[in-house]
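Residues per chain are reported as follows:
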Amino acid sequence: MADIHNDKGALIGLLADTMEDYARAIDLDQLERWPGFFEEKCTYKVTSRENVEAGYPFGVLFADSRGMLADRVRSLREANIYEGQVYRHLMGRPFILSVDNGLVQAETSFLIVRTMRTGEMSTFAAGTYQDRVRIADGKASFVERIVVCDSSRVDTLLALPL
Amino acid sequence: MADIHNDKGALIGLLADTMEDYARAIDLDQLERWPGFFEEKCTYKVTSRENVEAGYPFGVLFADSRGMLADRVRSLREANIYEGQVYRHLMGRPFILSVDNGLVQAETSFLIVRTMRTGEMSTFAAGTYQDRVRIADGKASFVERIVVCDSSRVDTLLALPL
Amino acid sequence: MADIHNDKGALIGLLADTMEDYARAIDLDQLERWPGFFEEKCTYKVTSRENVEAGYPFGVLFADSRGMLADRVRSLREANIYEGQVYRHLMGRPFILSVDNGLVQAETSFLIVRTMRTGEMSTFAAGTYQDRVRIADGKASFVERIVVCDSSRVDTLLALPL
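Residues numbered from 1 in each chain as written. Chains lettered and ligands numbered in written order. Predicted model: local features only at pLDDT ≥ 70, side-chain atom pairs only at ≥ 80, totals over all residues. Heavy atoms only, no water.

Engineer: Go over the relation of the copies chain B and chain C, please, and point to the residues and values.
Structural biologist: Mapping chain B onto chain C is achieved by rotating through 120° and translating by 0.0 Å along the same axis, at an RMSD of 0.0 Å. Read as a symmetry element, the transformation amounts to a three-fold axis. Of the residues that chain B buries at the interface, just 9% are likewise interface residues in chain C, meaning the two copies contact each other through different surfaces. (Least-squares fit on C-alpha atoms with pLDDT ≥ 70 in both. Contact = heavy atoms within 4.5 Å.)

Engineer: Quick rundown of helix α1 (residues 8-27) of chain C? Include the residues and the values.
Structural biologist: Residue and element names in this part refer to chain C. In a regular helix each residue adds 1.5 Å, so 20 residues correspond to 28 Å; α1 covers 28 Å between its end C-alpha atoms and thus fits that length. Taken across its 20 residues, α1 has 18 buried, putting it largely inside the fold. Of the residues flanking the end of α1, it is D29, one or two places downstream, whose phi is positive at about 60°. (Helix = DSSP H or I, 4+ residues; strand = E, 2+ residues; numbered from the N terminus. Expected span 1.5 Å × (residues − 1). Buried < 20%, exposed > 50% of the residue type's maximum accessible area, 1.4 Å probe, protein only.)

Engineer: Tell me about the interface of chain A and chain C, and please be specific about residues and values.
Structural biologist: Contacts between chain A and chain C engage 25 residues on the former and 22 residues on the latter. Together chain A and chain C conceal approximately 2,000 Å² of surface at their shared face, both sides included; 51% is due to carbon and sulfur atoms. When the buried area of chain A at its contact with chain C is split by residue, R49, R93 and F95 of chain A rank highest and sum to 31% of it. Linking chain A with chain C are five salt bridges. Seen at the junction of chain A and chain C, the total is eleven residue pairs in polar contact (both at pLDDT 80 or more). Listed by contribution, the elements that provide at least two residues to the side of chain A that touches chain C are α1 (8-27), α2 (49-54), β3 (85-91), β4 (95-100), β5 (103-116) and β6 (121-136) of chain A. At six residues, the largest contribution of residues to the side of chain A that touches chain C is made by β6 of chain A. Split into classes, the residues belonging to the side of chain A that touches chain C amount to ten nonpolar, seven polar and eight charged. (Buried area = accessible area lost by both parts, 1.4 Å probe. Salt bridge = Lys/Arg side-chain N within 4 Å of Asp/Glu carboxyl O. Polar contact = N/O pair within 3.5 Å; in protein donor to acceptor, adjacent residues only side chain to side chain. Nonpolar A, V, L, I, M, F, W, Y, C, P; charged D, E, K, R; others polar.)

Engineer: Would you mind going over the relation of the copies chain A and chain C in detail, with residue names and values included?
Structural biologist: Once turned by 120° and shifted 0.0 Å along the axis, chain A lies on chain C with an RMSD of 0.0 Å. The residues that chain A uses at the interface reappear at the interface of chain C in only 8% of cases, marking distinct surfaces.

Engineer: Summarise the packing of aromatic side chains; cite the residues concerned and give the values.
Structural biologist: If you walk through the whole model with that rule in mind, you get 30 aromatic pairs over all chains. Centroid distance F38 of chain B to Y44 of chain B: 5.7 Å. Interplanar angle 85°. Geometry classified as edge-to-face. Given a relative accessible area of 1%, F38 of chain B falls into the buried group. The class for Y44 of chain B is buried, based on a relative accessible area of 1%. Taken together, the aromatic side chains of Y22, W34, F37, F38, Y44, F110, Y129 and F142 of chain A make up a single cluster linked through ring pairs. In this structure, R145 of chain B packs its charged tip against the face of Y129 of chain B, placed 3.6 Å from the ring centre. (Phe/Tyr/Trp six-rings, centres within 6.5 Å; stacked < 30°, edge-to-face > 60°. Lys NZ or Arg CZ within 6 Å of the ring centre and 35° of its normal.)

Engineer: With reference to specific residues and values, describe the interface of chain B and chain C.
Structural biologist: Counting residues at the interface gives 22 residues for chain B, matched by 25 residues for chain C. Interface area for chain B against chain C, summed over the two sides, is near 2,000 Å², with a carbon-plus-sulfur share of 51%. Between chain B and chain C we count five salt bridges in total. Across the pair R93 of chain C and D17 of chain B runs a salt bridge whose closest N-O atoms are separated by 2.7 Å. Counting every contact that joins chain B to chain C gives eleven residue pairs in polar contact (both at pLDDT 80 or more). Among the elements of the structure, α1 (8-27), β3 (85-91) and β5 (103-116) of chain B are those that each provide at least two residues to the side of chain B that touches chain C. Looking at the side of chain B that touches chain C element by element, the count peaks at seven residues for α1 of chain B. Looking at side-chain class alone, the side of chain B that touches chain C contains eight nonpolar, five polar and nine charged residues.

Shown next as structure tokens:
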């Protein structure tokens, strides 16, 4: 394996593999794997472009530990979300903003298509993942993942993770 | 060229290049090239997530040889499908599940946007390619390609290959 | 860094990075950066698949210098387009058609989702970028970028660059 600290292509490959697997955990209904992509102390936030531009620190969803993410999964299971809908993530190539001492800052475009059990498909969300990722032992884990949706109309009350 | 049997990045690159070219054959109306991406004895199936989860072995479309795929192309040409519509494939990064002796198992998310001659665009299909791919002489060919659509409402009667 | 003139994977990586950054310039409202992706003498054209197939040389938009692209940005700023809408580009992996003496010909599928300030999302455009790219000093710049939209109904009067 190429040295991911020196080789930009290998680093982008590692990030892209991790993000693809993150998306699979959600799209394939393996939600219990989702918190494992984050560090124990972490930030996960879903917000909108409009909020970010206006300087509002709040998102429609916020967690600051892996435990909070696990709680979220449990409540989604109780609400039985997957009976009604599935997601499909399509992502662009991660764009690296900075690499500093094993901590990578990257931005990745995404599109999520939602399919209802009735068969109806729609563009559910589009935007960017703004990530701070720790690279250690050839693995990538999220220190921070801010999901910035292009639309401010994100239906989050019962939504799966983005 | 890097050794694709040892280098994961190079292997994913080869798979991604092959899948992009597969998509081009369909999207650019070069359908006659489509069977050539498969081994002579192969499996091609289009099915839905619901079918797979319910354990139904059947798909809405099935072929078990390159010849059957070529037959399909001929009947599509006779039906003159391309007069009415074109596809655009967008794919995620192939996710490798296993590599064994030149046989690779991989899963790749896809989204297909259909444009009608009238100009109308719509999300035609979303789902995953579940592939078994033979790597030989620096080339990749499909031993098995199962197209699992997220929606069970796939209009396949006159559809182009997915 | 790998030798991009000999290593296909590294070359595709460089193209993909450049295209992702090109898309960011548009999607993140950094339009002033957009002309900088082109050579000073260049071709930028937006056209439709139908036009190309019919052999019409005309597009709905045409520029043959970096200065014309900069003019376009100025008039878009005056028209205040960004008040009303944002784009999100999703792209496939660049498919290389030829490499000749530092000049690369490549084709890349794209999908653009448009989000209105009201929150409404729609598939705005899908198609291919047909590019001729100069590689020099580890950088890629567009000699020619033909944007071929699958649909002939592209609303270009007030559109952002594609």
